[in-house]
Amino acid sequence: QVQLVESGGGLVQPGGSLRLSCAPSGSIFSINEMGWYRQAPGKQRESVATITSGGITNYADSVKGRFTISRDNVKNTVYLQMNSLKPEDTAVYYCNINGVALHRGTYRRSNYWGQGTQVTVSS
């Protein structure tokens, strides 16, 4: 069964940068869209950035110009470069990969999620 392993989160000062990485620990293939989502306390999960298999990107207005999403199709890894971080970026960040993987013994196409990594922007 596939698991998405996230790394790169942590505590950073306003104006600083972080780079998040998400890589599968199991077999996943026929990947379509990859993306990053975040959820702040008391708020709903929101889309931060997505990238299609063709490389088309989409960003939330709040991060446009500051964040960059990219993907490595050999490693099946998705990255989120976060620059000029603001306190309002503080949230748990989740990666998502739409692809085919084993799910309870059966191959299934689904949205597979990472466990979440905390990003805290504070002085």
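Now for a quick tour of the structure. (Residues numbered from 1 in each chain as written. Predicted model: local features only at pLDDT ≥ 70, side-chain atom pairs only at ≥ 80, totals over all residues. Heavy atoms only, no water.)

What to know about the overall build of the protein chain
Stage number 1. Helix and strand counts for the protein chain come out as 0 helices and 11 strands.
Stage number 2. Start at the N end of the protein chain and walk to the C end: the helices and strands fall as β-β-β-β-β-β-β-β-β-β-β.
Stage number 3. For the C-alpha atoms alone, the extent of the protein chain along its principal axes is close to 45 × 25 × 25 Å.
Stage number 4. Put simply, the protein chain has 123 residues, and 42% of those count as buried.
Stage number 5. Taking all contacts inside the protein chain whose residues are at least 6 apart in sequence as the whole, residues at least 24 apart take part in 57%. (Helix = DSSP H or I, 4+ residues; strand = E, 2+ residues; numbered from the N terminus. Buried < 20%, exposed > 50% of the residue type's maximum accessible area, 1.4 Å probe, protein only. Contact = heavy atoms within 4.5 Å.)

Some remarks on the pattern of salt bridges
Stage number 1. Under the definition given, this model contains 4 salt bridges.
Stage number 2. Close ionic contact of D89 with R38 constitutes a salt bridge, the shortest N to O distance being 3.0 Å. Taken as a pair, D89 in the loop between β8 (77-82) and β9 (91-103) and R38 in strand β4 (residues 34-39) lie far apart in primary sequence, 51 residues in all. Judged on exposure class, the residue D89 and its partner R38 are both buried.
Stage number 3. We note a salt bridge from D61 to K64, for which the minimum N-O separation is 3.3 Å. You'll find D61 and K64 in the same group, each marked exposed.
Stage number 4. Through salt bridges with shared partners, one network takes in R38, E46, R66 and D89. (Salt bridge = Lys/Arg side-chain N within 4 Å of Asp/Glu carboxyl O.)

Some details on the side chain of D89
Stage number 1. Judged by relative accessible area, which is 1%, D89 ranks as buried.
Stage number 2. One polar contact links the side chain of D89 to the main-chain amide nitrogen of K86, over a distance of 2.8 Å.
Stage number 3. The residues touching D89, leaving out its near neighbours within four places in the chain, are R38, V63, R66, F67, S84, V119 and V121. (Polar contact = N/O pair within 3.5 Å; in protein donor to acceptor, adjacent residues only side chain to side chain.)

Quick word on the side chain of N76
Stage number 1. Counting through the fold element by element, N76 comes out in the loop between β7 (67-72) and β8.
Stage number 2. Residue classification places N76 among the buried residues on the basis of a relative accessible area of 19%.
Stage number 3. Sequence-distant contacts of N76, defined by excluding residues within four places in its chain, comprise C22, A23, P24, I28, I31, M34 and I97.

Thoughts on the state of the cysteines
Stage number 1. One pass over the structure, following the stated rule, counts 1 disulfide.
Stage number 2. Paired by a disulfide, C22 and C95 hold their sulfur atoms 2.0 Å apart. A torsion of 50° about the S-S bond marks the disulfide between C22 and C95 as right-handed. Of this pair, C22 sits in strand β3 (residues 18-24) while C95 sits in strand β9, and the two are 73 residues apart along the sequence. In this pair, the class of C22 matches that of C95, namely buried. (Disulfide = S-S within 2.5 Å.)

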